[in-house]
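Now for the letters of each chain:
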Amino acid sequence: MSLASKIKEGLEEAKERAGDVTSRVADVAGVAVSEAKERAGEVTDKLHGHTEKTGTPPTPAHLKNLTQQAKDNGSFRHVLATGEHTQVVVMSIPAGGDIGEEVHTDTDQILYLVEGSGQVILEGEAADFGVGDLVLVTAGTRHNFKTVGETAMKIITAYAPPHHPDGTIHKTKADAAD
């Protein structure tokens, strides 16, 4: 075999090996990227307090006399029902209290006032919040709700997607901060 043939054969073999190595590197990189995306999603969910999905589908809920449940609720936050995409919560904000300024980066929240009176602050702009009023706080909106007067605000709120672990009860705002 001539020197040129040996060189040509060596080059062909080197190309083949390089192709195998490149293929292996691409496979490993693909797996690493998939795992990183999965872990990033898990970390994001934990940071934002979303409920964790389980193999058990959520149970449909029929919440009877929800207005009365909200009026009777004495806890700062009580999660009543959680589905895969939505969550129903009742809140009681005492006289002089507030929810606390917050931003839900990837969760919409609807708040409906059933008792008391207050003030809603959206992106720094304040407005009255009275019985029968509903406020839609879209994801990314800085917001707060403050009780005005001597009667606690009793609120029915819904989050989409769910924002708190199912069954959560925070007796006070301080409990919610822990």
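In case you missed it, the structure is sitting above this.
Structural notes, computed from the coordinates.

What about the pairing of strand 7 (residues 143–147)?
Turning to step 1, where the next piece is worked out: With 4 of 5 residues buried, strand 7 is to be regarded as a mostly interior element.
Turning to step 2, where the next piece is worked out: Summarising the sheet, strand 4 (residues 118–122) and strand 7 pair through 5 bridges and their orientation is antiparallel. Of the residues in strand 7, the one forming a bridge with Leu122 is His143.

With respect to the pattern of salt bridges
Turning to step 1, where the next piece is worked out: For the structure shown, the criterion picks out 3 salt bridges.
Turning to step 2, where the next piece is worked out: The shortest N-O distance in the salt bridge between Asp98 and Lys173 comes to 2.5 Å. A residue pair is termed long-range when its members are at least 10 positions apart, and Asp98 in the loop between strand 2 (87–93) and strand 3 (108–115) and Lys173 in helix 3 (residues 173–177) qualify at 75 residues.
Turning to step 3, where the next piece is worked out: A salt bridge links Glu101 to Arg142, with the nearest nitrogen and oxygen atoms 3.5 Å apart. Residue Glu101 is located in the loop between strand 2 and strand 3, and its partner Arg142 is located in the loop between strand 6 (134–137) and strand 7; the two are separated by 41 residues in the primary sequence.

So, how was this worked out
- Residues numbered from 1 in each chain as written.
- Predicted model: local features only at pLDDT ≥ 70, side-chain atom pairs only at ≥ 80, totals over all residues.
- Heavy atoms only, no water.
- Buried < 20%, exposed > 50% of the residue type's maximum accessible area, 1.4 Å probe, protein only.
- Helix = DSSP H or I, 4+ residues; strand = E, 2+ residues; numbered from the N terminus.
- Pairing = 2+ DSSP bridges.
- Salt bridge = Lys/Arg side-chain N within 4 Å of Asp/Glu carboxyl O.

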